[in-house]
Each structure stands twice: as structure tokens, then as C-alpha cells.
Amino acid sequence: MTDPGPAERFARARDSAEASRSHPVTADFAASQRFTLDDFQIAGCRALEDGRSVLVAAPTGAGKTIVGEFAVHLAMRESGDKAFYTTPIKALSNQKFRELQDVYGADQVGLLTGDTNINGNARIVVMTTEVLRNMLYADSPALRGLRYVVMDEVHYLADRFRGAVWEEIIIHLPQNVRLISLSATVSNAEEFGDWLDTVRGDTEVIVSETRPVPLEQHVLVRGDLLPLFDDRAGIATAQVNQELMRIRSFKGPNFENNRRVQQMSSARNAGYEASRRRPNRGGRRPVRSANVQRIERLDRPDVVELLARSNLLPAIFFIFSRVGCDAAVQQVRRAGVRLTNQEERAEIRAIVEERTRTLHDEDLAVLGYWEWLENLERGVASHHAGLLPAFKEVVEELFQRKLVKVVFATETLALGINMPARTVVLEKLEKFNGEARVAITSGEYTQLTGRAGRRGIDVEGHAVVQWTEGLDPQAVAALASRRTYPLNSSFRPTYNMAVNLIDQFGRSRAREILESSFAQFQADRAVVGLARQVREQEESLAGYEQAMTCDRGDFAEYSGIRRDLSDLEKLNRKDANASRATRDKRQKEIGGLRRRMQRHPCHSCPEREHHARWAERYWKLKRTIDKMRQQIATRTGTVARIFDRVVDVLGELDYVRVDDGATSLTPAGRTMRRIYGERDLLVAESLRLGLWRDLDAASLAALACCLVYEPRRDEGGPNERALPRGPFRTAFAETLDLWQRLDDLEREHRLPGSEPIAAGLAQAMHAWARGGMLDRVLSEADMAAGDFVRWSKQTIDLLDQLSIVADAPIATTARKALDAVRRGIVAYSGV
């Protein structure tokens, strides 16, 4: 790109000065940052300074959170104003909490994540999304003075299980609150922005598809990094490197690869970060293979060494399997790879010991602490959901500090956590989705490779795809080039949502509110498109009707008789096994239709077959139009219809009562307002029926675990002897029987029902709540420590709700159960 001339530079300076005068707060904030803000960041800040809400959609690592931080900055300028910063996961909340504390001080920043409550009345509060939803329904006093709400990773509203929470917040926030929605690059950001504008008022939509650090795409063939795209063709053409295409189709005895791109990568990055290793200056390596399918893949230690020599570390290897991540670390360790020097190893050990000092020595031994520490000191780690949260946080911190150089991670790492790398390596372009191995989508590819390239450190990031059998470079290029990641609503009314809406607004107003959801907005948009198609097709239908007009009579009627006759004759030929009575009845109908057809005036028309051809087109198009009309009918008011079914179920169970057309809550309905989660109705009914009254603390913890636990697909249910003894078994059987009755009731009302409760973790949770040793509990659970902690924290969330909404005996037991579960590795908090 050529440098601007003097006139253009002067114009830019003048425009910048004018903007600074009109948006002085933005100008001061931008000047205080460590780097120059991009245009989209400045646009977002100016919109907020103008008093508007804003949607910012930009690639991973582009710096969207700057706009959210500016909203916090605005709140802190006015005495009494508050800002809430919401995130989808606790790890993100913890990270943002620490960052904002560094800026505004510990006394001004709070954290609420369900299991952590720190300074909740502060002017800046970081929280998980569900916490804010619950505050809105409870009309919490903490909402007073709230002026800004940042919704980080707002594209989570597409999540099948939790997405509805985002829409509930957006719909229910007071209108005077400015909303800052931060999203990954989605292909329908304008549609989402239009909806935000409809429900929240004046909303600026800012979309940036420019990465702050350019991304170089490579394919690793044996020991050679080859460009995915042909540099000579220019970026705009995005032409696949012909060298890769020749390798894919090559059958000859010898072949020599193209130039080594890592030399170029190293040179570009050399001015940004000194490396202890010089980039590899070696010559070209031939790939000798009679068949591309036999091209050998480099072992992981060799790939790590290659990246190290080429100055392409730190790197994240995405492996779509926890077992694969752990195995990769062991493989690198056995190969003797060491990526750190003595000073770095000492610093790593000091940080690890400080972060894990609250964990007991006997637990550390069970968790494989010493081997994990040795791997960290080598500069290598894994990162996945099975890892203990404390260990995951240490890996994240060490990677951010450039002490850990290689992380083998599952795709969960791509979601939100601030862990940028110089290079991202994809070993395969497919993953197991729980049922089968499927190719990753372009949206997933963009999300994963978005981690490559550290702003202010790297001139460019690098995405490396390893060559595998059957790899199609054209398909990889399509993944890398496409930006199709639509944001689709997963919103559906729940029982808890229904009782809260009815309580606050009444049933009629509640229906109207639900009609304003993004789900209905998208359905209505689709209806608009379908209606337009129907109008267009009806014009063609009228033309076909005109073309088949017959001067002898009504040809539409005549062609209808012909169609009925043809359909019946086909059915008679197909259904050879029909009873004699059925066949006789059909033959009688066929004879009647034939007589009607032959007597019809149009039957004797000399142009009959000409008219019939137009009639065939007419009926075919009419069928299509009828189907579209049916789609319109089913989509219009979809959300409100589901809400009505939910309320009908609640009415049948006496959670709501209808008197003179007005719907109100019963005492049971008022209890349900504070029960959140997938099992809200089952929990409420179990409490009302007193099914858990005889349980002790450990048994109640085990039963609560059964309500939140989701077993693996291949996991069979435990036999009765594997369940905790005593009252638990009776309570579990009664709860399971209740679930079955509720499931039947839901399906009668055309609601989807739910999965049965699962007792696979009950014995382990019971043992843990009774003070069992970690090694025995994990052995009983047959799961990784990180998984056990996750289910334990969800169990704690439910027990916390029970301690608030249940009557005295169960509430007291729930508090005891909560304390019994929240110990050891479960009690650890990273803040």
C-alpha cells in the first residue's frame, strides 16, 4: 500500500482533530491505551459516548473487549453509575475480574459466578450470564444505578442449552441501560443488530472482518511448511498453491517440494521477539512417494522441534480428544524435548507452587502433580475440560507469560480465554461430535485459527494444517476463505421463565414479550421471505391457470379429476397386499372417476393434452405454494404457542391458576420462580411432594447430582447395588417415577420432554460428601478430576437453590450438603 500524500495526511489529521473535539472521552481513553485503537474500536466507543447501545462483531483477538472496557470507563466517570460485565464461563469471569481490579482497584470491582461472591455491591461487577438473569427476575437491589451491561461472547446465545439466558437478559434489562454486545464474526450480524435495535432501542452495529495480525496459512507435508495459497496470485484471488495440488495427484517416483516458508516467517517476526534458536536455513527436502497417501506424517516431537527452529513458537496444537492431548504431552516428554532454559524453569516452579499451595499434598499426588510440573518445566502442557480448574488456570497463565511454549488443547480453548499464540496447528480437520466423525465447519476453523498471531508481538500469525491421507487442499482453502458462521437463536420458554413472566407482567403481556425474542424475530424474517415467494409463485400460478383455459369448460376441475384418478391407480398397483375389500373399494372409486372424466366437457376438447401439460405445471406449483403456506402458519407465533403449552402444563399441576381469564401464580408457582435449570419442574414437584424429606446431607448431595449429571452416550446405568444405601434408593426411585409422569404429561402437551435422571455419579458424590478420599472418589466416578469438579459445582448450584426455596428441614440439609461437597479440590477458587 502506498503512503498517503501530504493532502491526504492533512485531511486525516483534520478529521481526527474534529472527532476528538466531538468525542473527547473517547479521545482521552484511546490516548491512554498501550496501542493505537483500530477504527472499529473507536467507532464503538464513540457510539457509547453518544448514548447508544452497540453490537461489535470482530475476529478472535481483534480487541473487541476494548469497547466493553470503555463502557466501564464511562460508568466510573459518573458518581453512582454501575457497570456489569457478563461472560459465559467462570474462567473468563475470573480473568476479566483480575484485569479490571488492576485498573480500578480491588474495592471497586466485584465477582459473582454462582460459587464465588466477592464484593457483589461494587460499582463494577463481573458475573456469569445466569447470575444477571437471576438478578433481573428477582428484581435485585444491586440493579439500582446500573447504566451499562457488557455481554462478552454474545454469540453464545446460539448455544442449545444456555443460549436462552442471553435473550432473556437482552429483553428484560431496563430500557435506560446501554447494552454492549461483543461477538465473534458472524455472517448475520446485521440481522442480530436489527433485532437489538428493535428490543433495546438505538443500537450501532459495527462489523470488522480484519484481523489485527494477518494470518499466514500453511500445510505441513513431511518436514516442509508449504503455503496454502499461492503468494504470486495475490491475496484477492486466494488461489490454492499448485504445489499442493501436484503433491495430491502426483504418482511419479520422485518429487521436490517448493521453498521453505518458515525462513520467511522467521525473518518477518525477528524484529518483534528475539529467539534463542536461529530459524532453520536448511535446503529443500524431497518428498519421495509413489502415492501421496503414503506420505509420512512427522511425529509430534518433530513438529514441535520444527516450529522451534523456525521461530514459530508459542504454538497451540488443537487435538479434538482429551486422551489425545495428554498422550501428545507424554510423547513430547519421552522424546526429550525441552523448550525452556534454567531461569524459565525456576520461574515456572515458583508460579506453580504459589498457585497450588492451597491443595493438599495427598490430593496433588492423586492428580499427577509431579509429572504435570515436570512437563510444565519443559515448556509443554495439555488443556482440556478434564483438567483440574486450578491446573488449567496455571497453564493459561504460564502460556500468557511465554513460559509454556506448546499447549495441546481441545477446541474448548478457542472459546474466549485470552491465550493468543504465534502458531496454531490443526492435526486433523474432523472431530467426533458424540455420534460420528464430522468435518469441522468454516466457523470452527475461523474460531480455532483466530488464536494465531499476538497483537503487538507478531507481525503475522500462522495456521498450520498437517497433511493427512485424503487431504484436499481445495477443501482446506474453502474452510480458510469462507466466513459462514450464522447466529441462530436457541430460545425456548421454560417453566421458570413462564412463572417469572406471569408474575411480573401477566400472561397476555408475557406472550407479547416472548414474541420479541430473537427466535421469533428470525422466524418472522423467514416468514417474510416465504410470503414474498408465495406472492411471486402465485403470479406464475395465475399464468398457468390462464394457459390451461379451455372453451369447453373448467379445465382445472377436469385436470383435478385426472390427477385423482392417476394417484388412485398408482396406489392400487403399489399396494398389492391390500385386502380384497380394500381393492374392490378402490376399483369402484376408479370406475366412478373414469366415468366423471369421460363425461366432463373438456374431455372431448381437441387441445386437451396441450391444456393438460399446463395443468400438470399448475398442480405441481400449487402443491409447492400450499407447503410454503403451511410453513408460514407453523412459524408465525411459534414461541408464544410453546409458552401456552408450558402454561397449560403448569396449570394442570397447579402452579398457575386461571380465574376469569386472568392467570396468576399459586404458592407452588411462587416457589418455582427461584428454581433455575433444566430440571426446574422436576425439582419443584419433588419439593412439593416431599420426596427428599428423609435424606441426610450426603444422600441429598447424591440426589442433586443425579439431577444435573449428564452421562456419556456409552455409559450404562448403575445397578441397584452401586447406588448409595438407605433412604437414597427410595427417594431416587420416587424421583425417577415422578420424572416419567412429568415426561408423559409434557409429551401429551406437545412439548419435547427430557432425558431421564442419571445415577452414574451418585455413589461417588455420596462418598465425597461423607468425606471420602479423592483417589477413591475419582476411582468410583471413573472420570477425570476436572469433570468431577465441574459436576460437583453444578451440584452445589442446585443445593444452594434448595437451601433458599425449600422448607426448613430440606433447606437445612441442603446447606449441610453444600458445605460437605465444597471442600478440597472442589473448593479451590482461582481468585
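Structure first, text after, so check above.
None of these values were measured; they are calculated from a predicted model.

Counting its regular elements, the protein contains 34 helices and 19 strands. Considering the protein as a whole, with its 831 residues, one finds that 51% of them fall into the buried category. Looking at the protein alone, contacts between residues at least 24 apart form 76% of all its contacts between residues at least 6 apart. Approximately 38,800 Å² of the protein is accessible, and the part contributed by carbon and sulfur atoms is 47%.

End to end, helix α33 (residues 808–821) covers 20 Å across 14 residues, agreeing with the expected 20 Å (1.5 Å per residue, within 8%). Among the residues of α33, those classed as buried are I810, A811, T813, A814, A817, L818, A820 and V821. At its buried positions, α33 is contacted by α27 (680–689), α28 (697–708), α30 (762–769), α32 (785–805) and α34 (824–827).

Approximately 1,400 Å³ is the volume attributed to the second largest pocket. Lining the second largest pocket are 43 residues, and of these R34, T65, E69, E99 and N418 sit closest to its centre. Every element with two or more residues in the lining of the second largest pocket is listed here: α4 (65–77), α5 (90–104) and α16 (389–400). Here the element with the most residues in the lining of the second largest pocket is α5; it accounts for seven residues.

Each aromatic ring pair is specified by the distance between its two centres and by the angle formed by the two planes. Per the counting criterion, the structure on display carries 17 aromatic pairs. Relative to W166, the ring of Y156 lies with its centre 5.7 Å away and its plane at 20°, an arrangement referred to as stacked. Placement of Y156 in the loop between β6 (146–151) and α7 (163–172) and of W166 in helix α7 is noted, with a sequence separation of ten residues between them. Take Y156 and W166: they sit in the same class, and that class is buried. Summarising the aromatic geometry, the rings of F192 and W195 are spaced 5.8 Å apart at their centres and angled 25° between planes, so their arrangement reads as stacked. Of the two residues, F192 and W195 both sit in helix α8 (residues 189–200), three residues apart, roughly one turn of that helix. In this structure, F192 and W195 share a single accessibility class: buried. By way of ring pairs, the aromatic residues F192, W195, F518 and F521 are connected into one cluster. In this arrangement the basic side chain of R790 is found over the ring face of W791, its NZ or CZ atom lying 5.3 Å from the centre. The positively charged end of R823 is found above the aromatic ring belonging to W768, 3.6 Å away from the centroid.

Residues T423 and V425 point to one face of strand β14 (residues 423–426) and V424 and L426 to the other, with burial holding for every one of them. Bridging between strand β11 (residues 315–318) and β14 involves four bridges; their strand directions are parallel. Counted as the bridge partner of F317 is V425 from β14. Here β14 runs beside strand β17 (residues 461–466); their pairing, made up of four bridges, is parallel. By the bridge assignment, V425 is partnered in β17 with V464.

Look at helix α13 (residues 342–355) against helix α15 (residues 369–378): their axes get within 9 Å of each other, and the N-to-C directions meet at 140°. Between α13 and α15 lies a crossing of right-handed hand. Contacts between α13 and α15 involve R345, I348, R349, V352 and E353 from the first element and Y369, W372, L373, L376 and E377 from the second.

In spatial order, the strands read β4-β3-β5-β2-β6-β7-β1-β8; together these eight strands make up an open sheet with mixed pairing. Two strands lie at the open edges of the sheet, namely β4 (117–118) and β8 (203–207), each paired on one side alone. This element, α8, spans β1 (53–57), β7 (178–183) and β8 of the sheet and lies at about 165° to β8.

Summed over all chains, the structure comprises 41 salt bridges. R422 is paired through a salt bridge with D458; the nearest N and O atoms lie 2.8 Å apart. In this pair, R422 is assigned in the loop between β13 (406–409) and β14 and D458 in the loop between α17 (442–449) and β17, connecting sequence segments 36 residues apart. Note on accessibility: R422 and D458 belong to one class, buried. In this structure, R580 and D584 form a salt bridge, with 4.0 Å as the shortest nitrogen-oxygen distance. Residue R580 and its partner D584 are both found in helix α23 (residues 580–599); the two are separated by four residues, about one turn of the helix. What makes D584 partly exposed here is its relative accessible area of 45%. Residues joined by salt bridges that share partners form a network here, namely R333, E371, E374 and R378.

Further remarks concern the nonpolar core. Formed by 176 residues in total, the largest nonpolar core has its most connected members in F192, L376, F391, L650, W692 and F788. A total of eleven residues in this core trace back to one element, the largest contributor, which is α28. Filtering out sequence-adjacent residues up to four positions away, F788 remains in contact with L761, M765, W768, V777, L778, A781, M783 and V826. Within the second largest apolar cluster, 32 residues are counted, among which are L37, F40, L48 and A83.

Bringing the environment of R46 into the picture now. Tracing the backbone through its elements, the reader meets R46 in helix α3 (residues 39–49). R46 gets classed as partly exposed once you look at its relative accessible area, which sits at 28%. Separated by 21 residues in sequence, R46 and V67 have C-alpha atoms that sit 9.4 Å apart.

Further remarks concern the packing of helix α12 (residues 322–334) against α15. Remark: α12 packs on α15, axes separated minimally by 11 Å, with the N-to-C direction vectors making an angle of 65°. The pairing of α12 with α15 is recorded here as roughly perpendicular in orientation. Judged by the sense of rotation from one axis to the other, the crossing of α12 with α15 is left-handed. Residues V329, Q330 and R333 of α12 pack against E371, E374, N375 and R378 of α15. Among the residues making up the contact of α12 with α15, the classes are represented as one nonpolar, two polar and four charged.

So, on to the environment of L682. Mapped onto the secondary structure, L682 falls in helix α27. Given a relative accessible area of 4%, L682 falls into the buried group. Separated by 56 residues in sequence, L682 and L738 have C-alpha atoms that sit 7.5 Å apart. Apart from the residues within four sequence positions on either side, L682 is in contact with L707, T735, L738, W739, L742 and I757.

On to α4. Over its 13 residues, α4 extends 19 Å from the first C-alpha to the last, a length consistent with the 18 Å expected when each residue adds 1.5 Å. In terms of burial, α4 is largely enclosed, as ten of its 13 residues are buried. Inspection of α4 places I66, V67, G68, E69, F70, A71, V72, L74, A75 and M76 among the buried residues, and these make up the whole buried set.

What counts, and where the lines are drawn
- Residues numbered from 1 in each chain as written.
- Predicted model: local features only at pLDDT ≥ 70, side-chain atom pairs only at ≥ 80, totals over all residues.
- Heavy atoms only, no water.
- Helix = DSSP H or I, 4+ residues; strand = E, 2+ residues; numbered from the N terminus.
- Buried < 20%, exposed > 50% of the residue type's maximum accessible area, 1.4 Å probe, protein only.
- Contact = heavy atoms within 4.5 Å.
- Areas by Shrake-Rupley, 256 points an atom, 1.4 Å probe, with all protein chains shown as cover.
- Expected span 1.5 Å × (residues − 1).
- 1 Å grid on protein atoms, 1.4 Å probe; cavity = no way out; pocket = protein on both sides within 12 Å on 5 of 7 lines; lining within 4 Å.
- Points joined across faces, edges and corners; volume = space filled by probe spheres on them.
- Phe/Tyr/Trp six-rings, centres within 6.5 Å; stacked < 30°, edge-to-face > 60°.
- Lys NZ or Arg CZ within 6 Å of the ring centre and 35° of its normal.
- Pairing = 2+ DSSP bridges.
- Axes fitted to C-alpha atoms, helices over the stretch in contact; angles between N-to-C directions.
- Left-handed = near helix turned anticlockwise from the far one by under 90°.
- Salt bridge = Lys/Arg side-chain N within 4 Å of Asp/Glu carboxyl O.
- Core = buried A, V, L, I, M, F, W, Y, C linked by side-chain atoms within 4.5 Å.
- Parallel < 35°, antiparallel > 145°, perpendicular 65-115°, else oblique.
- Nonpolar A, V, L, I, M, F, W, Y, C, P; charged D, E, K, R; others polar.

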